[in-house]
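This is what each chain is made of:
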Amino acid sequence: MSKKIAVLPGDGIGPEIVAEAVKVLAYLRDEQGLDISMAEAPVGGAAIDATGVPLPDSTLQLALNADAVLLGAVGGPKWEPLPHAVRPERGLLGLRKRLDLFANLRPATVYPQLVAASPLKPELVSGIDILVVRELTGDIYFGEPRGVERLPDGSRRGYNTMVYSEAEIARIAHVAFKAARGRQKKVCSVDKANVLETTELWREVVTEIGRRDYPDVELSHMYVDNAAMQLIRWPRQFDVIVTGNIFGDILSDEASQLTGSIGMLPSASLGDKYGMYEPIHGSAPDIAGQGIANPIATILSAAMMLRYSLNEPVWAERIEAAVSRVLDQGLRTPDIYAEGTRKVGTAEMGDAILAALRQGGQG
Ligand SMILES: NC(=O)c1ccc[n+]([C@@H]2O[C@H](COP(=O)([O-])OP(=O)(O)OC[C@H]3O[C@@H](n4cnc5c(N)ncnc54)[C@H](O)[C@@H]3O)[C@@H](O)[C@H]2O)c1
Ligand SMILES: CC(C)[C@H](C(=O)O)[C@@H](O)C(=O)O
Ligand SMILES: [Mg+2]
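Looking at the overall build of the chain
Turning to step 1, where the next piece is worked out: When its secondary structure is counted, the chain shows twelve helices and 14 strands.
Turning to step 2, where the next piece is worked out: For the chain, whose C-alpha radius of gyration is 20 Å, the value lies close to the compact-globule estimate of 21 Å for 363 residues.
Turning to step 3, where the next piece is worked out: For the C-alpha atoms alone, the extent of the chain along its principal axes is close to 60 × 50 × 45 Å.
Turning to step 4, where the next piece is worked out: Considering the chain as a whole, with its 363 residues, one finds that 48% of them fall into the buried category.
Turning to step 5, where the next piece is worked out: Across the chain, the fraction of contacts at a sequence separation of at least 24, relative to all contacts at a separation of at least 6, is 74%.

Dropping the structure here:
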């Protein structure tokens with residue numbers, strides 16, 4: 001039966017990078033007989049402009065009825081004067097919550113061709129293969145109470161609440177341990193258990209699950225401040241990192257830079273029923289509209305979609321290989337440009353990946 005993909009380009013560079021991933025998916029549909037269909041809907045600022053809200057019901061319904069969602073990015077300065085409750089980012093958070101996408105997989109893998117693009121010494125970067133497993137539907141992002149209140153002296157106070165239940169911690173821990181079994185069998189759980197009770201519970205639950213269900217997986221714990229430093233000092237010590245929503249957000253942006261650029265890192269947000277795929281970066285207002293954004297993270301997110309939601313692992317591998325071949329050819333968007341390579345724009349990069357896929361897909 002035909003698989004439905006909801007395509008939500010969003011804001012800023014979102015439409016530019018999603019267009020390149022759609023090219024690849026359209027090729028699989030039109031020339032390789034993949035039984036998929038795509039339907040587009042607005043989310044974030046684009047949806048606010050069109051309908052007044054960041055997640056219109058029609059967009060939510062499209063996502064709920066789809067087999068997978070491909071999302072670009074949301075947000076931008078245009079909507080920043082708006083109150084928090086109606087900002088573009090709420091559209092994304094609403095989708096994650098309503099689809100119960102609690103497990104965000106963010107693989108930070110360095111392509112050998114980009115070792116030189118990393119700010120770290122080649123011997124530190126070469127071979128990096130980290131999977132950040134970020135909890136995505138809890139933590140300070142969703143905890144109540146939250147808000148800004150007026151104090152008796154007239155000044156204001158802002159507050160958010162870090163909350164995790166045992167069940168929420170347990171389900172993301174299982175995802176991390178299972179993923180580690182297919183890799184180097186090492187999980188590093190990142191928390192701030194020395195200060196925050198919520199993450200003290202996190203550490204207890206992860207430890208118990210590891211001991212009980214995954215004795216074959218080596219479990220370590222690290223405070224988040226140390227983890228941020230260790231990622232720069234010796235990134236290859238990490239296999240799977242499991243952490244909460246806010247720490248995972250920050251650490252995955254940091255890890256992305258080790259691989260050359262944030263424009264390289266894809267992600268899969270998975271729940272028991274749904275899957276949404278998006279690059280880890282944002283709408284990059286500083287380069288939007290210039291045709292220079294790196295589309296690779298989004299194209300690799302489409303590859304993750306083929307692997308996790310569409311049961312097409314071979315096409316996922318072929319797309320990843322096509323990206324590698326294009327890097328071999330020396331093509332680079334400005335964010336990964338280095339001397340001796342050829343600078344290209346978003347569409348030229350997408351076209352080159354598609355051309356490499358066409359060649360590789362034959363045999
Ligand atoms: N998943 C999402 O939709 C998401 C993620 C992060 C930020 N945001 C939103 O995006 C807006 C901008 O946020 P920000 O500037 O903090 O983060 P950002 O990730 O959009 O940009 C950070 C820096 O990385 C660069 N960059 C990002 N993606 C790139 C790409 N594909 N190719 C080349 N360079 C790229 C940008 O030009 C910028 O210099 C905000 O409104 C924020 O809330 C959305
Ligand atoms: C835009 C924002 C809500 C989002 C997050 O913090 O989760 C983004 O930074 C991300 O990493 O996907
Ligand atoms: Mg982020």
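A few points about the sheet that holds strand β2 (residues 36–40)
Turning to step 1, where the next piece is worked out: The ten strands lie next to each other as β2-β1-β3-β12-β11-β4-β5-β10-β8-β9, forming an open sheet whose pairing is mixed. Strands at the two margins of the open sheet, each flanked by one partner only, are β2 and β9 (218–223). Averaged over all adjacent pairs, the angle separating strand axes in this sheet is 25°, with direction ignored.
Turning to step 2, where the next piece is worked out: The pairing of strand β1 (residues 3–10) with β2 spans five bridges and is parallel. Note on β2: the bridge partner recorded for Val-7 is Glu-40.

Here's the deal with helix α7 (residues 197–213)
Turning to step 1, where the next piece is worked out: Over its 17 residues, α7 runs 24 Å from end to end, which matches the ideal 24 Å to within 8%, given 1.5 Å per residue.
Turning to step 2, where the next piece is worked out: For α7, every residue scored as buried is listed here: Thr-198, Thr-199, Trp-202, Val-205, Val-206 and Gly-210. Projected down its long axis, α7 shows its buried positions confined to an angular sector of 130°, all on one face. Away from its buried face, by an angle of more than 90 degrees, α7 presents the exposed residues Glu-197, Arg-211 and Arg-212.
Turning to step 3, where the next piece is worked out: Where α7 is buried, its residues touch α6 (166–181), β8 (186–191), β9 and β10 (240–243).

Quick word on the site of ligand 2
Turning to step 1, where the next piece is worked out: Residues in contact with ligand 2, as listed here, are Gly-75, Glu-89, Leu-92, Leu-93, Asp-249, Ile-280 and Gly-282.
Turning to step 2, where the next piece is worked out: With three residues, helix α4 (residues 88–98) is the single largest residue contributor to the shell around ligand 2.

Here's the deal with the nonpolar core
Turning to step 1, where the next piece is worked out: The biggest cluster of nonpolar side chains holds 106 residues, and the ones touching the most others in it are Leu-70 and Ala-302.
Turning to step 2, where the next piece is worked out: At nine residues, helix α10 (residues 296–308) tops the list of elements feeding residues into this core.
Turning to step 3, where the next piece is worked out: Apart from residues no more than four positions distant in its own chain, Leu-70 is found in contact with Ile-5, Val-7, Val-18, Ala-21, Tyr-277, Ser-301, Ala-302 and Met-305.

Overview of the domain arrangement of the chain
Turning to step 1, where the next piece is worked out: Looking at the assigned domains, one finds that the chain contains domain 1 (1–102 + 271–363) and domain 2 (104–265).
Turning to step 2, where the next piece is worked out: The interface is formed by 20 residues belonging to domain 1 together with 22 residues belonging to domain 2.
Turning to step 3, where the next piece is worked out: Along the lines of polarity and charge, the residues of the side of domain 1 that touches domain 2 split into eleven nonpolar, four polar and five charged.

Considering the packing of α6 against α7
Between two packed helices, both the angle of their axes relative to each other and the distance between the axes serve to describe the pair.
Turning to step 1, where the next piece is worked out: Contact geometry for α6 and α7: axes closest at 9 Å, N-to-C directions at 50°. Considering their axes alone, α6 and α7 lie oblique with respect to each other. The two elements α6 and α7 meet at a crossing, and its hand is right-handed. Residue-level inspection shows Glu-166, Ile-169, Ala-170, Ala-173, His-174 and Phe-177 of α6 in contact with α7, the latter providing Leu-201, Trp-202, Val-205, Val-206, Ile-209, Gly-210 and Asp-213.
Turning to step 2, where the next piece is worked out: When its residues are assigned to classes, the contact of α6 with α7 shows nine nonpolar, two polar and two charged.

Looking at helix α3 (residues 57–64)
Turning to step 1, where the next piece is worked out: Looking at α3, one finds that the buried residues are Thr-59, Leu-62 and Ala-63. Taken down its axis, α3 places every buried residue within 95° of arc, on the same side. α3 presents Asp-57, Ser-58 and Gln-61 as exposed residues on the side facing more than 90 degrees away from its buried surface.
Turning to step 2, where the next piece is worked out: Contact partners of the buried residues in α3: β1, β2, α2 (45–51), β3 (68–73) and α4.

The rules behind these values
Residues numbered from 1 in each chain as written. Chains lettered and ligands numbered in written order. Predicted model: local features only at pLDDT ≥ 70, side-chain atom pairs only at ≥ 80, totals over all residues. Helix = DSSP H or I, 4+ residues; strand = E, 2+ residues; numbered from the N terminus. Rg over C-alpha atoms; globule rule 2.2 N^0.38 Å. Buried ≥ 20, exposed ≤ 12 C-beta atoms within 10 Å, placed from the backbone. Contact = placed C-beta atoms within 7 Å. Pairing = 2+ DSSP bridges. Axes fitted to C-alpha atoms, helices over the stretch in contact; angles between N-to-C directions. Expected span 1.5 Å × (residues − 1). Arc of directions from axis to C-beta. Near = placed C-beta within 6 Å. Core = buried A, V, L, I, M, F, W, Y, C linked by C-beta atoms within 7 Å. Domains from an automatic or database assignment. Nonpolar A, V, L, I, M, F, W, Y, C, P; charged D, E, K, R; others polar. Parallel < 35°, antiparallel > 145°, perpendicular 65-115°, else oblique. Left-handed = near helix turned anticlockwise from the far one by under 90°.

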